[in-house]
Amino acid sequence: MNRSEIEKKVTGFLLNDLELEPSLVTMDARLEEDLGIDSLDFVDIIVIVHREFGFKPTPQEMGIAKTVREFCDYIESKLG
């Protein structure tokens, strides 16, 4: 899976599964501060990542990514 596909899937589930406002979801958007993602949302994201990308991130790994771009970087690194 290439970077473009990862970004498309990530923005897709942020918009559709978490029902975020499209104008807010940019690569530089901060997950917590700009998008309002909280701990319950992160649990949902772990399930979605497992479904979409085939691996289950830990909460500690999820905490490293602060922006949508960093989150995509993380997924890309796990997919190798």
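Notes on the structure in this doc start here. Throughout, residues of each chain are indexed from 1 in the direction in which the sequence is written. Given that this is a predicted model, residues contribute local features only at a pLDDT of at least 70 and side-chain atom pairs are listed and counted only at 80 or more, while totals for whole chains, interfaces and linings are drawn from all residues. Here the side-chain values reflect all heavy atoms present in the structure, with hydrogen atoms and water set aside.

All right, on to helix H2 (residues 39–53) then. The first and last C-alpha atoms of H2 sit 20 Å apart over 15 residues, in line with the 21 Å expected at 1.5 Å per residue. Accessible area is worked out with a 1.4 Å probe on protein chains only. A residue is then buried under 20% of its type maximum, exposed over 50%, and partly exposed in between. By definition, any uninterrupted DSSP run of H or I lasting at least four residues is a helix, any uninterrupted run of E lasting at least two residues is a strand, and each is numbered from the N terminus. By the burial criterion, the buried members of H2 are Phe-42, Ile-45, Ile-46, Ile-48, Val-49 and Phe-53. Any pair of residues with heavy atoms lying within 4.5 Å of one another is described as a contacting pair. Buried-residue contacts for H2 involve helix H1 (3–16), helix H3 (59–64) and helix H4 (68–79). N or O atoms closer than or at 3.5 Å make up a polar contact, with two conditions inside protein: a donor-capable atom paired with an acceptor-capable one, and, for residues adjacent in sequence, both atoms drawn from side chains. At the N-terminal boundary of H2, the capping side chain belongs to Asp-38, with an oxygen 3.1 Å from the backbone nitrogen of Leu-40. Downstream of H2 by a residue or two, Gly-54 has a phi angle that is positive, lying close to 80°. For a helix, the expected span equals 1.5 Å multiplied by the number of residues minus one.

With that settled, the discussion passes to the pattern of salt bridges. Salt bridges are defined as contacts in which a side-chain nitrogen from Lys or Arg sits within 4 Å of a carboxyl oxygen from Asp or Glu. Summed over all chains, the structure comprises nine salt bridges. Lys-9 is paired through a salt bridge with Glu-52; the nearest N and O atoms lie 3.5 Å apart. Linking Lys-9 in helix H1 with Glu-52 in helix H2, this pair joins segments that are 43 residues apart in sequence. For Glu-52, the salt bridge is made with Arg-51, and the minimal N-O distance between the two is 3.2 Å. Here Glu-52 falls in the partly exposed class, since its relative accessible area comes to 27%. A single salt-bridge network, built from bridges that share partners, covers Arg-3, Glu-7, Asp-73 and Glu-76.

By definition, no residue in a patch forms a salt bridge, and every one has over 30% relative accessible area; like charges are joined within 9 Å, nonpolar side chains (Val, Leu, Ile, Met, Phe, Trp, Tyr) within 5 Å. In short, Shrake-Rupley with a 1.4 Å probe defines the accessible areas, and a residue's cover is counted only from the protein chains shown. The charge count treats Lys and Arg as positive and Asp and Glu as negative. His and the chain ends do not count. Throughout, a charge is located at the NZ atom of Lys, the CZ atom of Arg, the CG atom of Asp or the CD atom of Glu. Together, Glu-32, Glu-33, Asp-38 and Asp-44 make up a region of like negative charge exposed at the surface. Relative to the elements of secondary structure, Glu-32 occurs in the loop between H1 and H2. Given the relative accessible area of 48%, Glu-32 is considered partly exposed.

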